[in-house]
Amino acid sequence: MILTWLYAPGDRPAVVEKALRCGADAVIVDLEDSVSASRKEYARAATAELLGERPPVPVHVRVNALGSPWAGADLTALSRLHGLAGLRLPKVDAPEQIVRVADRTGGVALYALLETALGVERAYEIARAHPSLQGLTLGEADLCADLGVCAEGGLDWPRSRVVVAARAAGLAPPAQSVFPDIRNLEALAASCARGRALGFLGRAAIHPRQLPVIERAFLPGPEEVVAAEEVVAAARAAPGALALPDGRFIDPAVVAAAHRTLSLARRAG
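Description of the structure in this document. (Residues numbered from 1 in each chain as written. Predicted model: local features only at pLDDT ≥ 70, side-chain atom pairs only at ≥ 80, totals over all residues. Heavy atoms only, no water.)

Section: the environment of Arg100
You can see Arg100 is positioned in helix H4 (residues 95-105). Relative accessible area serves as the criterion here: at 56%, Arg100 is assigned to the exposed category. For the pair Arg100 and His130, spaced 30 residues apart in sequence, the C-alpha to C-alpha distance is 9.6 Å. (Helix = DSSP H or I, 4+ residues; strand = E, 2+ residues; numbered from the N terminus. Buried < 20%, exposed > 50% of the residue type's maximum accessible area, 1.4 Å probe, protein only.)

Some words on the sheet that holds strand S6 (residues 133-138)
If you trace the 7 strands from one edge of the open sheet to the other, you get S6-S5-S4-S3-S2-S1-S7, paired in parallel fashion. Every other strand in the sheet has two partners, leaving S6 and strand S7 (203-205) as the edge strands with one partner each. The mean angle between the axes of side-by-side strands here comes to 25°, regardless of whether they run parallel or antiparallel. By the bridge criterion, 5 bridges tie strand S5 (residues 110-114) to S6 in an arrangement that is parallel. Residue pairing for S6: Leu114 is matched across the bridge by Leu138. (Pairing = 2+ DSSP bridges. Axes fitted to C-alpha atoms, helices over the stretch in contact; angles between N-to-C directions.)

Structural notes on the pattern of salt bridges
Scanning the model with the defined rule gives 15 salt bridges in all. A salt bridge links Asp142 to Lys91; its shortest N-O distance comes to 3.5 Å. Of this pair, Asp142 sits in helix H7 (residues 140-147) while Lys91 sits in the loop between strand S4 (84-89) and H4, and the two are 51 residues apart along the sequence. Between Arg194 and Asp156 there is a salt bridge, and its shortest N-O distance comes to 2.3 Å. Residue Arg194 is found in helix H9 (residues 185-198), and its partner Asp156 is found in helix H8 (residues 156-168); the two are separated by 38 residues along the sequence. Three or more residues are tied together by salt bridges with common partners; here these are Asp30, Glu32, Asp33, Arg62, Lys91, Glu115 and Asp142. (Salt bridge = Lys/Arg side-chain N within 4 Å of Asp/Glu carboxyl O.)

Some details on the packing of aromatic side chains
Evaluation of the coordinates by the stated rule reveals 1 aromatic pair. The side chain of Lys40 reaches across the aromatic face of Trp70, ending 5.0 Å from its centre. One Lys or Arg, Arg88, reaches over the ring of Trp5 and ends 4.7 Å from the middle of that ring. (Phe/Tyr/Trp six-rings, centres within 6.5 Å; stacked < 30°, edge-to-face > 60°. Lys NZ or Arg CZ within 6 Å of the ring centre and 35° of its normal.)

A word on the pairing of S4
It is a general feature of regular strands that their side chains alternate between the two faces of the sheet. Here S4 lies mainly inside the structure; 5 of its 6 residues are buried. When strand S3 (residues 59-62) meets S4, the two strands line up parallel, connected through 4 bridges. Across the sheet, residue Arg62 finds its bridge partner in S4, namely Arg88. Of the pairings in the sheet, the one linking S4 to S5 comprises 3 bridges and is parallel in character. Paired with Leu87 across the two strands is Leu110, which belongs to S5. Of the crossover connections in this fold, the one passing from S4 over H4 to the parallel S5 is right-handed. (Right-handed = clockwise from strand over helix to strand, strands pointing away.)

Rendered as structure tokens:
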């Protein structure tokens, strides 16, 4: 189960190598926003060299935006490499884009980044576009610019929309978008708590110091674990809907949620 995704710029191989050993569950090598136009080819070649062998942790690559001058070459160079765990597709706003990439890349796991109002509006259709699509996430910086949002609360509806669309399509819960202030770890923790409450699971990071904060935020605390254990034990003793001595009513949905909590807790152990 992946909770932490660490971005690293594709044109800086030394930084990528460090990222692979920073404790992140997965690394996202970025060929798009963090790489200037003059270094796109170098970044692609360096990433292809890295993925010629199996890296120590799963590596995903955020290719350049579909329709850009570089996207086609990115897909051709990377999609057949043994070390590639998935492709992140920026600025997806139509299910047809997923189908075209899936047909071209032959079964590689795909992840759609929704960064425009149109992409968010079509989230469910995009999520169901092709079996190769394994996840959705938001690109919040671009989405804020597109929507004219300047406050945190303005993204609550798009966030919930993506969470619901992923669930409805049978995909894993989305990971939160990056938190841009790498020094304010307290604000990062608060933002993660808000994202967890909305249904996100895990988060992308842009600096290794963010990783432990993200992991703590999305792992269940001791009280949650105890409550989940009580629910599971009660369900084993008396299957079906029932009330616990403290007044909590449990049914199969509550029991399933308790099992998910304990599964996350075992990761921490």
